[in-house]
Amino acid sequence: MHSDSDRQKVFSRRAAMLAGGKFALLSALVGRMYYLQVIESARYATLAEENRINLRLLAPPRGRIVDRFGVPLAVNQQNYRVVLISEAAHDVDETLQLLGTIIPIGDGEKRRILRDIRRRRGFVPVTVRENLNWEEVARIEVNMPDLPGVMIDVGQSRHYPHREDTAHVLGYVAAVSEAEIGGDPLLELPGFRIGKAGIEKVYDLALRGTGGSSQVEVNALGRVIREIRRREGQPGAEVTLTIDLELQKMVVRRLAGESASVVVMDVHTGDVLAMASTPSFDPNAFNKGLSAEAWRELVSNPMAPLTNKAIRGQYAPGSTFKIVVALAALEKGAITPETTFFCPGFLKLGNATFHCWKRGGHGTVDLAKGITQSCDVYFYETARRTGIDRIAAMARRFGFGRRLGLDLPGEQPGLVPTSDWKLATMDVPWQKGETLITGIGQGYLLATPLQLAVMTARLVNGGFAVTPHLTRNMAAADGTTPRPRPASLGVAAAHLKTVREATTAVVNSLRGTAYKARITEAGFEMGGKTGTVQVRRITKAERDAGVRKNEDRPWKDRDHAVFVGYAPVHAPKYAVAVLVEHGGGGSKVAAPIARDVLLEAQRRDAARPEAGLVGAGGGEGGFELIRDASKAIGHSLQSHASGAVSFVPERRQRLPDLVSVLVRGHLSGPLGRWRAARRSLRRPCAEETRRGLWLHANRNRGGIRQKARFRGL
């Protein structure tokens, strides 16, 4: 009896405990359900919605790059790519294996994909392949249910339609490296490219733009059902360059086969109209992915196609530097234009002999003859009298020895040696013989082709410190700022005129070193200075035996050919610097290239429809029309006793209202003449006439000689 009572109590306690446990479990379950469905309802509703709705960041279109006339140089093309989201894939290796049966995926690509997956967060898409064709896209789309985490992405890729012609100016874009990602989510997007060189790198932030977003509805397999909402990003800024594409292409063609560089710039504004470095490369290859073999071929090429020689190549300027030496000597008073030295073909200093390029010598030489015939002995003596520090100071005023601030990365400063520099660098005093060598542009002295072009521009623009630039609407990567007007170099106008007249004779005088390369078309004549740069020392034995010609030496031992020039000589607008590595003599190789380039630049200027009315000069005098411009538009000229000139159409075409332009020499004063000319030339006329019109006053009336010109009216 007692035993039954005890068992009943035990059973009751166990039942109570079990009931209590069940109640506790039920309470916990109800509480949890309440927590999830009431307290956390908003959070889980959001998570549920995110399973259905995906928010994707959209890459903005990269800004275009155009030339000075709006011709596209860098554009965007549609690009189909396949990407993989690792957290959505059940097994990445298995997915890649299946995908590899649809499109080819090499072992190297697979290693790269797995490396990118490890480095990035699981929800960030990783690019598997880019630039897919329609057939590949269709095969992947059909098999999408069996490829979890795989999707087709439609984006844009950078395209450079002019390839090698603009490669060194534009640079290229390439994939973002791990070190460059930082905190910008745009950089993690599959296929996103950033500027790695050239204009693309300098203005990368402005060209990128800001990202957009897209909300898409997906099913359980991750396939997109529909797009719910889309917010477009802000496209990158359009960058307008100062480059004239047609002139640039002409320069590149002219340099074909050479390891060379050319810079053409406006002497007044600093606009770089052409900058070429050959051989070049195709920047599209870097965007699509360069093979290891192609990369080895580029870096092993002795002509260095990846190097922009115009700003990175540092060379002794040779005899072109005699311009600076002459100005430094004139400023110091070490010489005057009438100072003469006798050149027997050499100059002795102590026990050293310094030779002139002309073995028999030039005889008695003054400054004009020294520049025109490039007499080395004259400039040995001029440099000795001037001193290295005076020469260096003048060189810096003309742009040597420092970076000029061109909007391209990698510009080199060159080197202008001084006595202090040598003592600090080598712990050896400066020697007088080194001053002589510097006087002819050799020795420690180094300059880039860009610096040579700037030197020439500053010489012929009246002595103003114009600086080069490549962009019209951008002055810095973070915005636009007005460029300051160039300051005066403080060089006497008489000295500039003396040297400029001598450089004109270099090309146009019968004894000038570049006479054979002169421009013979009236109104387009050029001036300049030749240079030949030794790349190795000529020994006494070689000189006694007769120095071998350049073409008989190995390519690496041949002299560099240099020429700096400007045109037109009566009112310079264009400056050019040409350097041909191991090309030989400057007069034989570089000067003809400069002639062709300057002639093309002037012809394009005369044919430019949007050029405004410009003039040079004032006072009294009549006007004559340059005949070459009229030939370019198919018209001849007819002179009148009144001093007027008329267009006579040689082709049948409509010339509404205007067949003649009258600009009379008896108009009073410069202002009245400008206004009268402007009124006359604004009358309606055919586009062909406006393009070709070029007026140049050159009449001597009452002993007063006056020049003025109108262009592109």
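Notes on the structure follow. As the structure is a prediction and not an experimental result, all values here were calculated from the model.

A few words on the overall build of the chain. Within the chain one finds 25 helices and 25 strands. A buried classification covers 48% of the 713 residues belonging to the chain. Long-range pairs, those at least 24 residues apart, make up 70% of the contacts in the chain with a sequence separation of at least 6. For the chain, the accessible area works out to roughly 34,300 Å², and carbon and sulfur atoms hold 52% of it.

Inspection of the entire model under this criterion finds 19 salt bridges. Across the pair Arg-64 and Glu-238 runs a salt bridge, and its minimum N-O distance is 2.9 Å. Taken together, the residues Arg-64 in the loop between β1 (53-58) and β2 (65-66) and Glu-238 in the loop between β9 (224-231) and β10 (239-240) connect sequence positions 174 residues apart. Relative accessible area serves as the criterion here: at 34%, Arg-64 is assigned to the partly exposed category. A network of salt bridges, in which partner residues are shared, links Arg-62, Arg-158, Glu-200, Asp-204 and Arg-208.

If you walk across this open sheet you meet the 5 strands as β12-β11-β19-β18-β17, and the pairing is antiparallel. Each edge of the open sheet carries a strand with a single partner, namely β12 (272-278) and β17 (527-533). In this sheet, neighbouring strand axes are inclined to one another by 5 degrees on average, regardless of whether the strands run parallel or antiparallel. Summarising the sheet, strand β11 (residues 260-266) and β12 pair through 6 bridges and their orientation is antiparallel. Paired with Ala-260 across the bridge in β12 is Thr-278. Packing of helix α9 (residues 245-254) onto the sheet brings it into contact with β11 and β12, and relative to β12 it is tilted by some 30 degrees.

Right, let's get into unusual backbone geometry. Note the cis peptide between Thr-278 and Pro-279, where omega equals -5 degrees. Mapped onto the fold, Pro-279 is located in the loop between β12 and α10 (284-288). Cis peptide bonds are those with omega within 30 degrees of zero, and the linkage from Ala-567 to Pro-568 qualifies with -10 degrees. At Asp-427, a position not held by glycine, the phi torsion is positive, near 60 degrees. By the secondary structure assignment, Asp-427 is in the loop between α17 (419-426) and α18 (432-439).

Next up on the list: the nonpolar core. Grouped together as the largest cluster of nonpolar side chains are 125 residues, with contacts concentrated most on Ile-199, Leu-241, Val-251, Met-275, Leu-327, Phe-398 and Phe-400. By residue number, the principal contributor to this core is helix α22 (residues 586-606), which donates 9 residues. Excluding residues that lie within four positions of it along the chain, Val-251 makes contacts with Val-262, Ala-274, Ala-276 and Val-597. Judged by nonpolar contacts, the second largest core, of 21 residues, contains Ala-89, Leu-96, Ile-105 and Leu-132.

So, about the pairing of strand β18 (residues 560-567). Two faces, one strand: in a regular strand the side chains alternate between the faces of the sheet. Counting buried positions along β18 gives 8 out of 8 residues, so the element sits mostly inside the fold. Taking every second residue as pointing to the same face, both faces of β18 are buried, with His-560, Val-562, Val-564 and Tyr-566 on one and Ala-561, Phe-563, Gly-565 and Ala-567 on the other. Across 7 bridges, β18 lies against strand β19 (residues 574-580) in antiparallel orientation. Bridge pairing links Ala-567 to Tyr-574 in β19. Counted between consecutive antiparallel strands, the loop separating β18 from β19 contains 6 residues.

With that settled, the discussion passes to the packing of aromatic side chains. Considering all chains together, one arrives at 11 aromatic pairs under this definition. Between Tyr-172 and Phe-286, the ring centres sit 4.1 Å apart and the planes meet at 20 degrees, which makes this aromatic pair stacked. Placement of the pair is Tyr-172 in strand β6 (residues 172-175) and Phe-286 in helix α10, with a sequence separation of 114 residues. Using a relative accessible area of 18% as the deciding quantity, one classes Tyr-172 as buried. Overall, Phe-286 belongs to the buried group, its relative accessible area being 14%. With a centroid separation of 5.4 Å and an interplanar angle of 70 degrees, the aromatic rings of Tyr-378 and Phe-379 are classed as edge-to-face. The class for Phe-379 is buried, based on a relative accessible area of 0%. Ring pairing ties together the aromatic residues Tyr-172, Phe-281, Phe-286 and Trp-295, which thus form one cluster.

All right, on to the packing of helix α13 (residues 322-332) against helix α20 (residues 493-508) then. Contact geometry of α13 with α20 gives a least axis separation of 10 Å together with a crossing angle of 145 degrees. Between α13 and α20 lies a crossing of right-handed hand. Contacts between α13 and α20 involve Ile-323, Ala-326, Leu-327, Leu-330 and Glu-331 from the first element and His-495, Leu-496, Val-499 and Thr-503 from the second. Grouping the amino acids of the contact of α13 with α20 by side-chain chemistry returns 6 nonpolar, 2 polar and 1 charged.

Here we take up the pairing of strand β14 (residues 346-349). One ladder, built from 4 bridges, connects β14 with strand β15 (residues 352-355); its direction is antiparallel. Note that in β15 the partner of Leu-347 across the bridge is Phe-354. Hairpin connection, β14 to β15: the antiparallel pair is bridged by 2 residues, and Gly-350 has positive phi, about 65 degrees.

Cut-offs used in this document
- Residues numbered from 1 in each chain as written.
- Predicted model: local features only at pLDDT ≥ 70, side-chain atom pairs only at ≥ 80, totals over all residues.
- Heavy atoms only, no water.
- Helix = DSSP H or I, 4+ residues; strand = E, 2+ residues; numbered from the N terminus.
- Buried < 20%, exposed > 50% of the residue type's maximum accessible area, 1.4 Å probe, protein only.
- Contact = heavy atoms within 4.5 Å.
- Areas by Shrake-Rupley, 256 points an atom, 1.4 Å probe, with all protein chains shown as cover.
- Salt bridge = Lys/Arg side-chain N within 4 Å of Asp/Glu carboxyl O.
- Pairing = 2+ DSSP bridges.
- Axes fitted to C-alpha atoms, helices over the stretch in contact; angles between N-to-C directions.
- Core = buried A, V, L, I, M, F, W, Y, C linked by side-chain atoms within 4.5 Å.
- Phe/Tyr/Trp six-rings, centres within 6.5 Å; stacked < 30°, edge-to-face > 60°.
- Left-handed = near helix turned anticlockwise from the far one by under 90°.
- Nonpolar A, V, L, I, M, F, W, Y, C, P; charged D, E, K, R; others polar.

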